[in-house]
Amino acid sequence: MFGDWQHRFESAPVSYAAGGANRAEFRTAIQAALKNKFFYTNEVRLDIVLYLDLQTVLETDETADVDNYAKAVLDGLKGPHGILFDDTQVQALTIHWLDSYGRDRTYFEVSISSSPDDFMLKPVEFYEMPDGLWYPHGRRVRSNGGQEDLSDRNHYAGLLILETMASVKRDARHLFRRGGMDRLRAYQRGMHLSSSARGFHRSRIDAGFSMHPRREWRAACEAWRADHAEDVGEIERIVGEVRENYGKMAAILAGQLPSGEDLGAEDRPLSMNYDRT
């Protein structure tokens, strides 16, 4: 947590070519050794050092090429009991081996580096947002050096802000494309309107995570709001301001509004009411 993490795994590394049963056993061993209470949520640098017996590597066929070990290690580091959500978080990967000085001393070490703020405390669940991606969200946060549970108010406020940001990003990309930008340029401009939270494609998320389709968590939010009108009013005011400010930014980026000029209600390119469908 806070950027840098390192762990020594006492089990021998297993090649991805070792077969499904061996890989599954290896993944279980990795996750049993993990004691982290958080996930890295964004891009990371991953360094793997394999400690292998030199003579075995050079004079037998018992070991694999180093790149064949990387995938098996990565599989063990992701999922509900891991430290990463998906392989796509690994922006840089290095792997090399050193002499372990004995057949019975094989093990491996993993180091991860990331931005200090790109972590989320366990347990984490995934919520579908308007851009079609699924975002990690947890009910536990860091507080004064410890941990505390989010109130229902802050839980739903967080989800509604995520929903707003995802909707603004999606609508802005459509606006940019209608204005003549190509797909890449629209994506790049849309990054200026994205929160630091990263969404994941559904196919990238391990089956062991709890998944909440948008319709499902929205229904739970509506049930909660029925008894918390005052809290909901404050949340919707904040969400409305977020959408308005980012709507203005989208118009500026699309070239529809000179920088510094305000938008009238009739000129706003994005709906100020978040979609509840």
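Only a predicted model underlies this, so the values are computations on that prediction, with no experimental measurement involved.

**Student:** So what's going on with the pattern of salt bridges? Which residues, and what values?
**Tutor:** Think of it this way: side chains of opposite charge can pair up when their charged atoms draw near. Taken as a whole and assessed by the stated rule, the structure comprises 22 salt bridges. Between Glu10 and Arg8 there is a salt bridge, with the nearest N and O atoms lying 2.9 Å from each other. With a shortest N-O distance of 3.2 Å, Arg45 and Asp47 are connected by a salt bridge. Given a relative accessible area of 42%, Arg45 falls into the partly exposed group. Connected through salt bridges with shared partners, the residues Glu163, Arg214, Arg218, Glu222, Arg225 and Glu236 form a single ionic network.

**Student:** A description of a nonpolar patch on the surface should follow, citing residues and the corresponding values.
**Tutor:** Together, Leu184, Tyr187 and Met191 make up a nonpolar patch on the protein surface, roughly 310 Å² of accessible area in all. Structurally, Met191 can be placed in the loop between helix 5 (183–190) and strand 11 (211–212).

**Student:** Outline the packing of aromatic side chains, supporting the account with residue identities and numerical values.
**Tutor:** Think of a pair of aromatic rings as described by two things: how far the centres are apart, and how the planes are tilted against each other in angle. In this structure the tally under the stated criterion is 14 aromatic pairs. Measuring from centroid to centroid gives 5.1 Å for Phe126 and Phe209, while their planes differ by 75°, and the two rings are edge-to-face. Of this pair, Phe126 sits in strand 7 (residues 124–128) while Phe209 sits in the loop between helix 5 and strand 11; the two residues are 83 residues apart in sequence, bridging distant segments of the chain. A single burial state applies to Phe126 and to Phe209, both of which are buried. Members of the aromatic cluster, each reached through a chain of ring pairs, are Phe39, Phe85, Phe126, Phe200 and Phe209. The ring of Trp134 carries the charged tip of Arg202 above its face, separated from the ring centre by 5.8 Å.

**Student:** Can you tell me about the sheet that holds strand 4 (residues 90–99), naming the residues and giving the values?
**Tutor:** What holds strands together in a sheet is hydrogen bonding between their backbones, with the strands either parallel or antiparallel. In spatial order, the strands read 1-5-3-4; together these 4 strands make up an open sheet with mixed pairing. Sheet topology places strand 1 (4–9) and strand 4 at the edges, where each strand pairs with a single neighbour. Averaged over all pairs of adjacent strands, the angle between their axes in this sheet comes to 10°, without regard to strand direction. Here 6 bridges tie strand 1 to strand 5 (residues 107–113), and the two strands are oriented antiparallel to one another. Bridge pairing links Asp4 to Ser113 in strand 5.

**Student:** Pulling in residues and values, what's your account of the confidence of the model for the protein chain?
**Tutor:** Across the protein chain, pLDDT averages 87, with 92% of residues at or above 70. The model gives residues 259–277 a pLDDT under 50, and that stretch makes 40 contacts with residues more than four places away or in other chains.

**Student:** Can you explain the sheet that holds strand 7? Please cite residues and give values.
**Tutor:** Read across the sheet, 3 strands follow the order 8-7-11 without closing on themselves; strand pairing throughout is mixed. Of all the strands in the sheet, the pair left with one neighbour each is strand 8 (134–138) and strand 11. Pairing between strand 7 and strand 11: 2 bridges, direction parallel. Opposite Tyr127, over in strand 11, you have His212 as the bridge partner. Against the sheet, helix 4 (residues 152–178) contacts strand 7 and strand 8, and its axis sits at roughly 160° relative to strand 8.

**Student:** So what's going on with helix 4? Residues and values would help.
**Tutor:** Each turn of an α-helix holds 3.6 residues, which means side chains three or four residues apart point in the same direction. With 27 residues, helix 4 should cover 39 Å at 1.5 Å per step; its first-to-last C-alpha distance of 39 Å lies within 8% of that length. Immediately downstream of helix 4, the backbone of Gly180 shows phi near 105°, a positive value.

**Student:** Explain the nonpolar core residue by residue, including any values.
**Tutor:** Looking at soluble globular proteins, one finds that nonpolar side chains tend to be buried together. Membership of the largest hydrophobic core comes to 27 residues, with the highest contact counts inside it found for Trp5 and Val110. At the level of elements, strand 1, helix 1 (20–33), strand 2 (38–40), strand 3 (44–52), helix 3 (66–77), strand 5 and strand 6 (119–121) are the ones that each hand at least two residues to this core. In this view, Trp5 contacts Leu34, Asn36, Phe38, Tyr40, Ile83, Val110, Ser111 and Ile112; residues no more than four positions away in its chain are not counted. The next biggest cluster of nonpolar side chains, apart from the first, holds 15 residues, and it includes Tyr156, Leu159, Val232 and Val239.

**Student:** Before we move on, can you summarise the side chain of His155 with the specific residues and values?
**Tutor:** You can see His155 is positioned in helix 4. Apart from residues no more than four positions distant in its own chain, His155 is found in contact with Tyr127, His137, Arg139 and Leu150.

**Student:** Tell me about helix 1, residues and numbers included.
**Tutor:** Across its 14 residues, helix 1 extends 20 Å between first and last C-alpha, which sits within 8% of the 20 Å expected from 1.5 Å per residue. Within helix 1, burial applies to Phe26, Ile30 and Gln31. Buried residues of helix 1, seen end-on, are gathered within an arc of 130° and therefore sit on one face of the element. Turned more than 90 degrees away from the buried face of helix 1, the exposed residues are Ala21, Glu25, Thr28 and Ala32.

Cut-offs applied
- Residues numbered from 1 in each chain as written.
- Predicted model: local features only at pLDDT ≥ 70, side-chain atom pairs only at ≥ 80, totals over all residues.
- Heavy atoms only, no water.
- Salt bridge = Lys/Arg side-chain N within 4 Å of Asp/Glu carboxyl O.
- Buried < 20%, exposed > 50% of the residue type's maximum accessible area, 1.4 Å probe, protein only.
- Patch = residues over 30% accessible without salt bridge, like charges linked within 9 Å, V, L, I, M, F, W, Y side chains within 5 Å.
- Areas by Shrake-Rupley, 256 points an atom, 1.4 Å probe, with all protein chains shown as cover.
- Helix = DSSP H or I, 4+ residues; strand = E, 2+ residues; numbered from the N terminus.
- Phe/Tyr/Trp six-rings, centres within 6.5 Å; stacked < 30°, edge-to-face > 60°.
- Lys NZ or Arg CZ within 6 Å of the ring centre and 35° of its normal.
- Pairing = 2+ DSSP bridges.
- Axes fitted to C-alpha atoms, helices over the stretch in contact; angles between N-to-C directions.
- pLDDT = per-residue confidence, 0-100.
- Contact = heavy atoms within 4.5 Å.
- Expected span 1.5 Å × (residues − 1).
- Core = buried A, V, L, I, M, F, W, Y, C linked by side-chain atoms within 4.5 Å.
- Arc of directions from axis to C-beta.

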